[in-house]
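Analysis of the macromolecular model
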Amino acid sequence: MQGLRGSAAFTVVILGLTVGISALGGCDDDIDLATAWVAVEPPDGPATGLRAIDYAAGVGYLVGDAGQAWRYDGEDWRPIHSGTGVEFTGAAVRSDGGAWVCGADAAGDGRLFEHAPGTGWSEVLLQNAAFLAAVAVNETDRAIAAGSRGQVWINDGGGWTLHTDQGDYLWRAVDVSADGPYLVVGADAAGDGALLWFDGVDNHFVDIGGERLEDCVLSDGDSGWVVGDGGGLFRFDSGALQSVDEEVAALRGMDLFPGSDDSGWACGLGGVLFSFDADGLAAADSPTTENVQDLVLIDDEEGWAAAETHLLHYR
């Protein structure tokens, strides 16, 4: 993938070397630098509260809490939505290049939308949906949405149905594996960490205790990784969490490198960025002090992250 293109230019100073790059990502083909995170603006200027980002099959979606949305087509991020009265909190790219986008309205009721290239936006009407915090899609387009009141909604191709409704839980993130099992993480009624793992047959609700869980990623149907609000990095294995490391940071998002079971990146409040592997977290330089809410890795040397008003490009 090439860097984003734009007409405006700005200057970045790296170790005393002045390099001109475009405001939308630019081209760094003629300078040999190690892979790093670089701040870039959305094409229509600073955003308002970016919340979620996803990428699959050459397509990216980025959404924010003012109803803003952008789509990446392999060349540029293009604005596709703004100002709905709905807070967008999650996005998941499907195999057809479209996406599911979830969130909530001013009354706190859950809202779910479909965006399809060529036909645009349509809303999915969910009866009595709670605030929807996150949505995920696997390679077969099985989709899972989760949020407050312990709600988990599932779409296996025949429409959206309510799978669980456990009012004592507040779900923050979800991931679904290629073979169908899914993991949902968040907090219980006391605000302590909790998770729901569906193994393909049964639901397993687990109250972990300690910090609220903020994001998760599955490497297969019964294993993966989780990060928490207290800076914890956890390995997930068959319904149980094992603490691997902890930093003085409030973590919010994470992703594994494609094809990896145990290495990736995590992000959080105050602009923190951490690489991680089986040994734990390692702090990295960040180009922002804004809260970084979510990130996605495209390959070993490229990724994107959503800060409050701008993107971060890993390249």
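For the structure itself, look to the data block above.
Here's what I pulled together on the structure shown here. (Residues numbered from 1 in each chain as written. Predicted model: local features only at pLDDT ≥ 70, side-chain atom pairs only at ≥ 80, totals over all residues. Heavy atoms only, no water.)

Thoughts on the pairing of strand β14 (residues 151–155)
With five of five residues buried, β14 lies mostly within the body of the structure. Here β14 shows a buried face lined by Q151, W153 and N155 and a second buried face lined by V152 and I154. Bridge analysis of strand β13 (residues 143–147) against β14 gives four bridges, and the strand direction is antiparallel. Counted as the bridge partner of I144 is I154 from β14. Connecting β13 to the next strand, β14, in antiparallel fashion are three residues, including R149 with a positive phi near 55°. Judged from the five bridges that link them, β14 and strand β15 (residues 160–165) form a sheet pairing that is antiparallel. (Buried < 20%, exposed > 50% of the residue type's maximum accessible area, 1.4 Å probe, protein only. Helix = DSSP H or I, 4+ residues; strand = E, 2+ residues; numbered from the N terminus. Pairing = 2+ DSSP bridges.)

Observations concerning the pairing of strand β6 (residues 69–72)
Neither face of β6 is exposed, since A69 and R71 on one face and W70 and Y72 on the opposite face are all buried. Across four bridges, the pairing between strand β5 (residues 59–64) and β6 is antiparallel. By the bridge assignment for β6, L62 is matched with W70. Taking the residues between adjacent antiparallel strands as the criterion, β5 and β6 are bridged by four residues, where G67 takes a positive phi near 75°. Relative to strand β7 (residues 77–81), β6 runs antiparallel, the two sharing four bridges. Residue A69 lies in a different strand from β7, and its bridge partner there is H81. Between the antiparallel neighbours β6 and β7 lie four residues, among them G74 with a positive phi of about 100°.

Here we look at the sheet that holds strand β30 (residues 311–314)
The sheet built from four strands is open, its strands ordered β3-β30-β29-β28 with antiparallel pairing. The open sheet is flanked by β3 (37–40) and β28 (294–299), the only strands paired with a single partner. Direction aside, the axes of adjacent strands within the sheet are offset by 20° on average. Two strands pair when backbone bridges link them, and β3 and β30 are joined in this way by four bridges, in the antiparallel orientation. Counterpart to V40 in the pairing with β30 is L311. (Axes fitted to C-alpha atoms, helices over the stretch in contact; angles between N-to-C directions.)

Topic: the side chain of D175
Here D175 shows up in strand β16 (residues 170–176). Put simply, D175 is tucked away with no salt bridge, and the nearest opposite charge, on R142, sits 11 Å away. Looking at D175, its side chain comes within polar contact range of the main-chain nitrogen of L218, at 2.7 Å. When near neighbours in sequence (up to four residues on either side) are disregarded, D175 contacts A136, Y182, L183, C216, V217 and L218. (Lys, Arg positive; Asp, Glu negative; His and termini not counted. Salt bridge = Lys/Arg side-chain N within 4 Å of Asp/Glu carboxyl O. Polar contact = N/O pair within 3.5 Å; in protein donor to acceptor, adjacent residues only side chain to side chain. Contact = heavy atoms within 4.5 Å.)

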